[in-house]
Amino acid sequence: MHYLSTRNKNKKESFVNILYEGLSKDGGLYLPSSWPLIPYETLKNKSYKEVAHDVIYPFLKDDIDADSLVTIIDKTYENFHHKEVAPLVKLNKNKYVLELFYGPTFSFKDYALQFLGNLFDYFIKNNKNNITFLGATSGDTGSAAINALKGKKNIQVFILHPYEKISKVQRLQMTTVLDNNIHNIALKGNFDDCQRIVKKLFLDNDLQNKTPLSAVNSINWARLIAQVVYYFWSYIKLDQKKINFIVPTGNFGNVFSARIAKYMGLPIEQLHIVTNANDILHRTINEGRMFLNKVEKTYSPSMDIQISSNFERQLFESANRDSDLINKIMLSFLKTGDEVLPDNLIKDIRLIYNSHSVSNTETLNTIRKFTNKYNYLSDPHTATGLSVLENLISENPTVSLACAHPAKFGNVIKAATGKEAKLPSQIDNIFDKEEKMVILDNDIQIVKNHIIDCI
Ligand SMILES: *Cc1c(COP(=O)(O)O)cnc(C)c1O
């Protein structure tokens, strides 16, 4: 197996190369040259870790031996605080919630980023090189990445967040990690300022000459394959003929991982994409036209996205891997923010995907309704999916994904239910911990000098 780019199908890269590189130089995203088929019957009665091994191994077997992967996966999930790792909760006859908030930072991001951290650790030890990760965060990704990379040898991590513009829990989850290789930068600006500086620094030759730079955002292929695991896991737990999933969606990473599971042979009948007021995916699938709006702030901030990067991977697959066509579509869309998709492409997408847009009001109502009706408390991202689950009629079992622990979004929970969400003990104790961060002016030169001083 090798890896090609959505903008150049003739590319032939190894797994290690695409792990380090993240995004292809031609602007495309990486995909494997073919889809390995997993006979899911062989996964029955296996543990989460064993399922993870069987699902992930075909994608990297040219670069890692099976035993080393066992060690990496053991390490990855050993600190998750549920024995099932990803428990399936039954609400009624064929409606289920898959809870993905048992990692160290209480969002589903941990399931992939903990794996990514251990993968890099393995390759950096073997290749005796070093690397600097650089990222901007508005919340969940930053804390998950910091937790995954803390204390790792020959890895430095710089995460920018907008000063005083993230929640206290989100800040503390990052700044109470005191390891020497973790550098939190609170930037006197907004999230876009953080992102702009990070993007420019990636193009800075001076900095690149001092250390290789890498990103931890969700276009990295290794993150997607770690997420494929819990779709197989749900299926074998339910042991029915077919299954549907409902996935609250931002960057299209999580829901595309479900699509990958289907390419690998999992009998998924329908995939429901759920967006909030930032509904570009919903509109695209219904109207066949990708049209950018301004980003709106909602109760589910991790879904406040207009350009869903991973959607390009789906377009490539639905276009029968015609990378010339995807190149044309994406360049035109990035220029104008408005693109009509070819009919056959949108038809293929509609075969499996259904899409929905859920408002702030519906989100609050759903949180309230599920606490009353099912005694189930969900975070606002999860609630967008549950609002679809409640109204869905299907003969097959449907699994809606719980993406974060409700306590991470205490103010929304309070607004919906009138009560505070109970913090898990692992979050509760961060309020007494020492914090480490620097507060910097919104100036690229100042940020760059700080990074160079630290590495
Ligand atoms: C990242 C995130 C999402 C969106 O997932 P994508 O893979 O970007 O589609 C939804 N909910 C929560 C809580 C998240 O952290």
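For the structure itself, consult the block above.
Anyway, here's the lowdown on the structure attached to this text. In this text, all values refer to a predicted model and were calculated from it rather than measured experimentally.

Right, let's talk about the overall build of the protein chain for a bit. Summing up its helical and strand segments, the protein chain has 19 helices and 16 strands in all. In terms of overall size, the protein chain behaves like a compact globule, its C-alpha atoms giving a radius of gyration of 21 Å where 455 residues would be expected to give roughly 23 Å. Over its C-alpha atoms, taken along the principal directions, the protein chain stretches across nearly 60 × 55 × 50 Å. Across the 455 residues of the protein chain, 58% fall into the buried class. For the protein chain, the share of sequence-separated contacts (at least 6 apart) that also reach a separation of at least 24 residues comes to 75%. In the protein chain, 54 side chains carry a positive charge and 49 a negative one; their mean positions are 2 Å apart.

Attention now moves to the sheet that holds strand β2 (residues 8–13). Pairing is antiparallel across the open sheet formed by three strands, whose spatial order is β2-β1-β3. The open sheet is flanked by β2 and β3 (30–32), the only strands paired with a single partner. Along the sheet, successive strands turn relative to each other by an average axial angle of 40°, direction set aside. Note: strand β1 (residues 3–5) against β3, three bridges, orientation antiparallel. Counterpart to serine 5 in the pairing with β3 is tyrosine 30.

Considering the arrangement of structural elements, one finds lysine 422 in the loop between α17 (410–417) and α18 (425–428). When its relative accessible area of 72% is taken as the criterion, lysine 422 is described as exposed. Here the alpha-carbon distance between lysine 422 and lysine 408, two residues 14 residues apart in the chain, equals 9.8 Å. Not counting the four nearest positions on each side in its chain, lysine 422 is found in contact with His405 and Ala407.

Taken in spatial order, the five strands of this open sheet run β9-β6-β7-β8-β16, and their pairing is parallel. In this open sheet, the two strands that pair with only one neighbour each are β9 (213–214) and β16 (438–441). Bridge analysis of strand β7 (residues 155–162) against strand β8 (residues 182–188) gives six bridges, and the strand direction is parallel. Each residue of the ladder has a partner; that of proline 162, found in β8, is leucine 187. Contacts from helix α5 (residues 140–149) reach β6 (131–136), β7 and β8 within the one sheet, and its direction differs from that of β7 by about 160°. Each of β6, β7, β8 and β16 touches helix α19 (residues 444–454); the most contacted strand, β16, lies at about 145° to it.

So, on to the site of the ligand. Of all residues adjacent to the ligand, which total 14 residues, the nearest are Lys109, Asp140, Gly250, Asn251 and Asn254. Between the ligand and glycine 250, the relevant distance is 2.7 Å, taken from an oxygen atom to a main-chain nitrogen or oxygen of the residue. Taking asparagine 251, its main chain carries an N or O atom lying 2.7 Å from an oxygen atom of the ligand.

Let us look at unusual backbone geometry. We note that asparagine 45 has phi near 70°; this positive angle belongs to a residue other than glycine. In this structure, asparagine 45 sits in the loop between β3 and α2 (48–60). In this model, asparagine 154 sits at a positive phi of 65°, which is unusual for a non-glycine residue. As for its placement among the helices and strands, asparagine 154 is situated in the loop between α5 and β7. For asparagine 154, a relative accessible area of 43% corresponds to the partly exposed category.

Turning our eyes to something else, we now look at the environment of aspartate 343. With respect to the helices and strands, the residue aspartate 343 is situated in helix α14 (residues 343–352). Here the alpha-carbon distance between aspartate 343 and glutamate 287, two residues 56 residues apart in the chain, equals 10 Å.

For the rest of this paragraph, the subject is the packing of aromatic side chains. All chains considered together, the criterion is met by 23 aromatic pairs. Between the aromatic rings of tyrosine 20 and phenylalanine 120, the centroid separation amounts to 5.3 Å while the plane-to-plane angle is 75°, which identifies the pairing as edge-to-face. On the criterion of sequence distance, the pair formed by tyrosine 20 in helix α1 (residues 15–21) and phenylalanine 120 in helix α4 (residues 109–127) is long-range, its members being 100 residues apart. Of note, arginine 259 hangs over the ring of tyrosine 263, and the distance from its end group to the ring centre comes to 3.7 Å. One residue, arginine 289, lies across the ring of phenylalanine 291, its end atom 4.5 Å from the ring centre.

Moving on: the nonpolar core. The nonpolar side chains of a soluble globular protein tend to be buried with one another. Ranked by internal contacts, the top residues of the largest apolar core, which has 121 residues, are Phe15, Tyr111, Phe115, Leu119, Trp221 and Phe232. Once residues within four sequence positions are removed from consideration, tyrosine 111 is found in contact with Tyr48, Tyr77, Phe80, Val85, Ala86, Glu99, Leu100, Phe101, Tyr102, Gly103, Ala226 and Tyr230. By size, the runner-up hydrophobic cluster in this structure holds 14 residues, among which are Ile185, Cys194, Ile197 and Leu440.

Further remarks concern the pattern of salt bridges. Tallying each qualifying case throughout the model produces 22 salt bridges. With its nearest N and O atoms 2.9 Å apart, the salt bridge here joins lysine 448 to aspartate 206. Note that lysine 448 is positioned in helix α19 and aspartate 206 in helix α8 (residues 205–210), a separation of 242 residues in sequence. A residue is classified by how much of its surface remains accessible, and lysine 448, at 8% relative accessible area, is buried. Note that arginine 289 and aspartate 338 form a salt bridge whose closest N and O atoms lie 2.8 Å from each other. Taken together, the positions of arginine 289 in strand β12 (residues 289–291) and aspartate 338 in strand β13 (residues 338–340) put the pair 49 residues apart, joining distant regions of the chain. With a relative accessible area of 27%, aspartate 338 lands in the partly exposed category. Through salt bridges with shared partners, a single ionic network connects Asp204, Asp206, Lys210 and Lys448.

Conventions used here
- Residues numbered from 1 in each chain as written.
- Predicted model: local features only at pLDDT ≥ 70, side-chain atom pairs only at ≥ 80, totals over all residues.
- Heavy atoms only, no water.
- Helix = DSSP H or I, 4+ residues; strand = E, 2+ residues; numbered from the N terminus.
- Rg over C-alpha atoms; globule rule 2.2 N^0.38 Å.
- Buried < 20%, exposed > 50% of the residue type's maximum accessible area, 1.4 Å probe, protein only.
- Contact = heavy atoms within 4.5 Å.
- Lys, Arg positive; Asp, Glu negative; His and termini not counted.
- Charge placed at Lys NZ, Arg CZ, Asp CG, Glu CD.
- Pairing = 2+ DSSP bridges.
- Axes fitted to C-alpha atoms, helices over the stretch in contact; angles between N-to-C directions.
- Near = heavy atom within 4 Å.
- Polar contact = N/O pair within 3.5 Å; in protein donor to acceptor, adjacent residues only side chain to side chain.
- Phe/Tyr/Trp six-rings, centres within 6.5 Å; stacked < 30°, edge-to-face > 60°.
- Lys NZ or Arg CZ within 6 Å of the ring centre and 35° of its normal.
- Core = buried A, V, L, I, M, F, W, Y, C linked by side-chain atoms within 4.5 Å.
- Salt bridge = Lys/Arg side-chain N within 4 Å of Asp/Glu carboxyl O.

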